[in-house]
Amino acid sequence: MELNTFQQTAFDHQRPTIEKFGKRAWFWTFFFLLWIAVGGYALYLQIAKGHGVTGMRDNVVWGLFIVNFIFFIGISYAGAIISGLLLLFKVSWGKPIIRLAQMMTIISVIVGPIFILLCVGRFDRLHYLFIYPRIQSPMTWDVLAILTYFVGSVLFLYMALIKDFAVYRDAKLNIPKWKQKLYSALSLGYRGAASQKRHLIRSQNLLAIILIPLSIMVSSILSWIFGMTLRPGWHSTIFGPYFVLAALYSGCGVLIVAMWVYRKMYKLENYFTDRHFTYLGYTMMILAAGYGYFTFSEYFTSWFSSEVWDNEVINKLFNPAEYGWWTLFANVVGIIIPMLIVAIPKTRTPNVISLVAFCMVIALWVKRYLIIVPTLESPLVPMQDTRQEYVKYSATWPEWALTFAGIATFLLFFTLMSKFVTVVPVSGLEDTKTHHEHAKDHVKKEDIQPA
Amino acid sequence: MKQEEIKDKGRRDFIKTAAIATIATTACGSLACSCSSKHEHHKAAEKVKLLSPDGEIVEIDSSYLDHANHMSIISKKQAREGIPGRKFVMVIDLARCKNARKCVTACQKMHHLPVEKEWLSVKLMKDSDKGSPYWFPKTCFHCDDPPCVKVCPVDATFKRQDGLVLIDNERCIGCKFCMAACPYSTRVFNWDEPNQGISDANYTAESSVPSKIGTVEKCDFCPDMIRQGLLPDCVTACPNGVFYFGDENEDTVTNGDETVSLSQLLKDRGGYRFMEELGTKPRLYYLPPKDRMFPVERGYESLPEELKERYKDVIEMEK
Ligand code: SF4
């Protein structure tokens, strides 16, 4: 594989990251595995003793698990849509971040469904979903949609990787034999011939065209698990687009944070430039506005018309003794601050944007919690139950342990994957820095030169 | 066939099955019971209400009955299809309820449920600020357009031709989607091992028992009792005749004491369905609490403390 000088520098720079696993990576791997082990124990308890070990009960039948499910699946869809759009519209500055977005897509579509499985009371009967499927159930739609989407996004990532695998194969990397063989097998004999190039680009574009509408559909189907019920706070026509937007928004935040972390860790300042943060910051701001608009419409309409059931949920959400503070947090940190920070030029720096994005992601997690739990705590027929745990949901340690195990799995996959492929795609990379940025770099270098 | 004739045929069938059931049950009375069914042996001298061959309710000593499964040995397929030609319906007379809770305990005994698990519960409702509260027994509504059935991904909960909505707990994967979808909070989940100590050799969706960990269950209108020509336990247990049970095809319902025409009852007493606006089309009607037999406090004062706690909010609003 021929590389131009810019690509060669990019490759040489990242070469050590895939050649050596490194102490730091080992440390994190063990750390994450430890968390996963704790989660594994919690899972064992849940299977052995039943769902009684969780905080879920007959009114609040779903809790943290479904919140995590929506959260991760949302991130995944965002990854697919962002990378798909960047690819389709040949956005040249987007090239370095496509890989990261695709990794995010795959990893979270693996982690997310684990959480919906955790909601299932009978693991031993999971195959019934395929033996006795009922097509009118939104759950069945979801199973089909996620599986299709998973296959699609794996292919999408793989297509994008083939060229790079060819680079790794030809680079005579200092790596074990099996890894070399693997790279060579995975590169499918790609040599950069004109016809190969053409096929690859075509199939990638095709996949992007399929994946973008697919992720919108899958995201909507996910929202319909709630929207199709007769519950206040769920039974809403805007739930489909609302979920799509929230997914995109939170995914955009995760992408920014991931960029920041890798930029620091692997010194990728030349590839994840300030411009990337600014552009993604703008994207985040626009999405924040859209998402804020949906949130406002949702709350405002049900508050204004104040049907009994809607009212009950709204009162819970805005009452400081119940979820008021969380609602405030979710909306201020999740909508207002990201918009302000990006709008003000002074604060529009990679560090600030990343920090705000990180907090926003947490706020969006909280928001999902606020969608699920208060509604389930407001059944149409009065509860009249004296068992506190049936009236009000509070997550137990196994649920938290499994939540953190999920996050650890997410991060572990990232760690392992970034040791297998370069985080910045090497082939097809272009030098998109503006003259201005080059000049700035130059000045910086001179600055640090000893007098 | 004209409508009349169909109805007539339906009634004849009903009587025929009831007759066969009665004869069979009595005949089997002496047989030893291989008791693995959900019904406990009723102690001698306990009375059971039966529908006699000429359509009347008779009371007989339960020792003549054998509740063993041979009466309800039906295939799993039959349990899914339902009893042909029937359309079960229930009417609850709110004017007669004083929260005696006999229905709740009978149901729990019948289905081997622990005290905290109520398939049938009694709520204290108050519809408007000035409106007076009333006791409101709530079973499963066996809706004709059931939201729970719509969402089940594996056909574990289903609608039968006789109108009942049942759960096959050998099929249920425990996703709880049906619980989220049911607007009436009817369903309960087995959060822990039920430990009822009953074999599930004869389990069908009709028997609902034994419960299984990680699956959903709910009021089933006791179809296995119906097959034997018996009324559901809540109906017979209520001292005030609150529950009427019957067949819409025959247009008759009975509370054990009196057998009346369903349409006439609904017409005379202004029968309605709970939250009609949800469009679920319940198979259960309520008769409004007009001309009540008991003051509402009667059902509150005699309750043990922890049960009083449930209704405190509503009662306090009254004071
Ligand atoms: S919990 Fe069981 S019955 Fe309910 S929807 Fe899931 S599989 Fe069906």
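Rules used throughout
- Residues numbered from 1 in each chain as written.
- Chains lettered and ligands numbered in written order.
- Predicted model: local features only at pLDDT ≥ 70, side-chain atom pairs only at ≥ 80, totals over all residues.
- Heavy atoms only, no water.
- Helix = DSSP H or I, 4+ residues; strand = E, 2+ residues; numbered from the N terminus.
- Rg over C-alpha atoms; globule rule 2.2 N^0.38 Å.
- Contact = heavy atoms within 4.5 Å.
- Areas by Shrake-Rupley, 256 points an atom, 1.4 Å probe, with all protein chains shown as cover.
- Buried area = accessible area lost by both parts, 1.4 Å probe.
- Salt bridge = Lys/Arg side-chain N within 4 Å of Asp/Glu carboxyl O.
- Polar contact = N/O pair within 3.5 Å; in protein donor to acceptor, adjacent residues only side chain to side chain.
- Nonpolar A, V, L, I, M, F, W, Y, C, P; charged D, E, K, R; others polar.
- Pairing = 2+ DSSP bridges.
- Axes fitted to C-alpha atoms, helices over the stretch in contact; angles between N-to-C directions.
- Buried < 20%, exposed > 50% of the residue type's maximum accessible area, 1.4 Å probe, protein only.
- Near = heavy atom within 4 Å.
- Patch = residues over 30% accessible without salt bridge, like charges linked within 9 Å, V, L, I, M, F, W, Y side chains within 5 Å.
- Parallel < 35°, antiparallel > 145°, perpendicular 65-115°, else oblique.
- Left-handed = near helix turned anticlockwise from the far one by under 90°.
- pLDDT = per-residue confidence, 0-100.
- Core = buried A, V, L, I, M, F, W, Y, C linked by side-chain atoms within 4.5 Å.

Caption draft 1: Structural context of the overall build of chain A. Secondary structure assignment for chain A yields 16 helices and zero strands. Computed over the C-alpha atoms, the radius of gyration of chain A is 23 Å, within 12% of the 22 Å expected from 2.2 N^0.38 for a compact globule of 451 residues. C-alpha extents for chain A along the principal axes are approximately 75 × 50 × 40 Å. Within chain A, residue pairs in contact and separated by at least 24 positions form 82% of the contacts whose partners lie at least 6 positions apart. A total accessible area of about 20,100 Å² is found for chain A, and carbon and sulfur atoms account for 70% of it.

Caption draft 2: Representation of the interface of chain A and chain B in the model. The partner chain B presents 48 residues to the 40 residues of chain A that form the contact. Summed over both sides, the interface between chain A and chain B buries roughly 3,600 Å², with carbon and sulfur atoms accounting for 59% of that surface. Connecting chain A to chain B are one salt bridge. A salt bridge links Arg134 of chain A to Asp155 of chain B; its shortest N-O distance comes to 3.3 Å. The interface formed by chain A and chain B includes 24 residue pairs in polar contact (both at pLDDT 80 or more). For the side of chain A that touches chain B, the secondary-structure elements that each account for two or more residues are helix 5 (128-131) and helix 6 (138-170) of chain A. Classifying every residue of the side of chain A that touches chain B gives 21 nonpolar, eleven polar and eight charged.

Caption draft 3: Geometry of the sheet that holds strand 10 (residues 243-247) of chain B. Residues and elements named next belong to chain B. Spatial ordering of the open sheet is given by 12-11-10-3-13, a layout of five strands whose pairing is mixed. Whereas interior strands pair on both sides, the edge strands pair on one side only; in this sheet they are strand 12 (259-261) and strand 13 (284-287). Averaged over all pairs of adjacent strands, the angle between strand axes in this sheet comes to 25°, irrespective of strand direction.

Caption draft 4: Region of the structure containing the side chain of Thr415 of chain A. All names here are of chain A. In this structure, Thr415 sits in helix 15 (residues 397-420). With a relative accessible area of 13%, Thr415 lands in the buried category. In this structure the side chain of Thr415 is engaged in a polar contact, spanning 2.7 Å, whose partner is the backbone oxygen of Leu411. With near-sequence residues (within four places) excluded, Thr415 lies in contact with Ala25, Thr29, Phe32 and Tyr262.

Caption draft 5: Fine view of the site of the ligand. The environment of the ligand is formed by Cys152, Pro153, Val154, Ala156, Thr157, Cys172, Ile173, Gly174, Cys175, Lys176, Cys178 and Val216 of chain B. Each residue belonging to the shell around the ligand can be placed in one class, and the counts come to nine nonpolar, two polar and one charged.

Caption draft 6: Representation of a nonpolar patch on the surface within the structure. Residues and elements named next belong to chain A. Residues Phe27, Trp28, Phe31, Trp35, Val38, Tyr41, Tyr44, Trp397, Trp400, Phe404, Ile407 and Leu411 make up a contiguous nonpolar surface patch of roughly 1,200 Å² in combined accessible area. Broken down by element, the nonpolar patch gets its largest block of residues, seven residues, from helix 2 (residues 23-49). Its place among the elements puts Leu411 in helix 15. On the accessibility criterion, Leu411 (34% relative accessible area) is partly exposed.

Caption draft 7: Up close: the packing of helix 10 (residues 274-305) of chain A against helix 13 (residues 350-376) of chain A. Residues and elements named next belong to chain A. Orientation of helix 10 relative to helix 13, taken along the N-to-C sense of each, is 30°, at an axis distance of 11 Å. Judged on the interaxial angle alone, helix 13 and helix 10 are roughly parallel. Helix-helix and strand crossings are classified by hand; for helix 10 and helix 13 the assignment is left-handed. Counting all contacts with helix 10, which are made through Asp274, Phe277, Thr278, Gly281, Met284, Tyr291, Thr295 and Tyr299, the residues of helix 13 involved are Pro350, Ile353, Ser354, Val356, Ala357, Met360, Leu364 and Lys367.

Caption draft 8: The environment of His235 of chain A, seen in detail. Residue and element names in this part refer to chain A. Positionally, His235 belongs in the loop between helix 8 (194-227) and helix 9 (239-266). Through-space distance from the C-alpha of His235 to that of Ser223 is 10.0 Å; in sequence the pair is twelve residues apart. If we skip the residues at most four places from it in the chain, His235 touches Phe226, Gly227, Thr229 and Leu230. Within the structure, His235 has its side chain in polar contact with the backbone oxygen of Thr229 (distance 3.0 Å).

Caption draft 9: Seen up close, the confidence of the model for chain B. Residues and elements named next belong to chain B. Per-residue confidence for chain B gives a mean pLDDT of 83, with 78% of residues at or over 70. Here residues 14-44 is a poorly scored stretch, pLDDT under 50, and it has 60 contacts once near neighbours within four places are set aside; other chains count. With pLDDT under 50 throughout, residues 66-71 is counted as low confidence; its partners more than four residues away or in other chains account for 23 contacts. Two numbers describe this predicted complex: its pTM, 0.86, and its ipTM, 0.87.

Caption draft 10: Structural detail: the environment of Cys103 of chain B. One can find Cys103 of chain B in helix 3 (residues 102-110). Taking the C-alpha atoms as reference, Cys103 of chain B lies 22 Å from Pro183 of chain B; in sequence the two are 80 residues apart.

Caption draft 11: Main features of the pairing of strand 3 (residues 88-93) of chain B. All names here are of chain B. Most of strand 3 sits out of view: six of its six residues are buried. The alternating pattern of strand 3 places Phe88, Met90 and Ile92 and Val89, Val91 and Asp93 on opposite faces, both of which are buried. Judged from the five bridges that link them, strand 3 and strand 10 form a sheet pairing that is antiparallel. Paired with Met90 across the strands is Phe245, a residue of strand 10.

Caption draft 12: How the structure looks around the environment of Arg169 of chain A. Residues and elements named next belong to chain A. When you line up the elements, Arg169 lands in helix 6. Classification of Arg169 by relative accessible area gives buried; the value is 15%. Arg169 has contacts with Tyr183, Ser184, Ser187, Gly189, Tyr190 and Arg191, leaving out every residue within four places of it along the chain.

Caption draft 13: Up close: unusual backbone geometry. With an omega of 5°, the peptide bond between Val209 of chain B and Pro210 of chain B qualifies as cis. Relative to the assigned elements, Pro210 of chain B resides in the loop between strand 8 (188-189) and strand 9 (216-217). For Lys90 of chain A, which is not glycine, the phi torsion reads 45° and is therefore positive. Phi at His112 of chain B takes a positive value of approximately 55°, unusual for a residue other than glycine. Locating His112 of chain B in the fold gives a position in the loop between helix 3 and strand 4 (121-125).

Caption draft 14: Broad picture of the nonpolar core. Formed by 153 residues in total, the largest nonpolar core has its most connected members in Trp62, Phe226, Met284 and Ile372 of chain A. Those residues in contact with Ile372 of chain A that sit more than four places away from it in its chain are Trp62, Ile66, Val67, Ile70, Phe226 and Trp234 of chain A. Membership of the second largest hydrophobic core comes to 53 residues, among which are Ile83, Ile92, Val122 and Leu231 of chain B.

Caption draft 15: The arrangement of the pattern of salt bridges in detail. Counted under the stated rule, the structure contains 33 salt bridges over all chains. Put simply, Asp168 of chain B and Arg80 of chain B hold a salt bridge, and the shortest N to O gap is 3.4 Å. Placement of Asp168 of chain B in the loop between strand 7 (165-167) and helix 5 (177-181) and of Arg80 of chain B in helix 2 (residues 76-81) is noted, with a sequence separation of 88 residues between them. Asp168 of chain B gets classed as buried once you look at its relative accessible area, which sits at 11%. Its salt-bridge partner being Arg283 of chain B, residue Asp144 of chain B comes within 2.9 Å of it at the nearest N-O pair. One end of the pair, Asp144 of chain B, is in the loop between strand 5 (134-138) and helix 4 (147-151); the other, Arg283 of chain B, is in the loop between helix 8 (262-269) and strand 13, with 139 residues separating them in the sequence. Its relative accessible area of 35% is what places Asp144 of chain B among the partly exposed residues. Three or more residues joined by partner-sharing salt bridges are found here, namely Arg134 of chain A together with Arg80, Asp155 and Asp168 of chain B.

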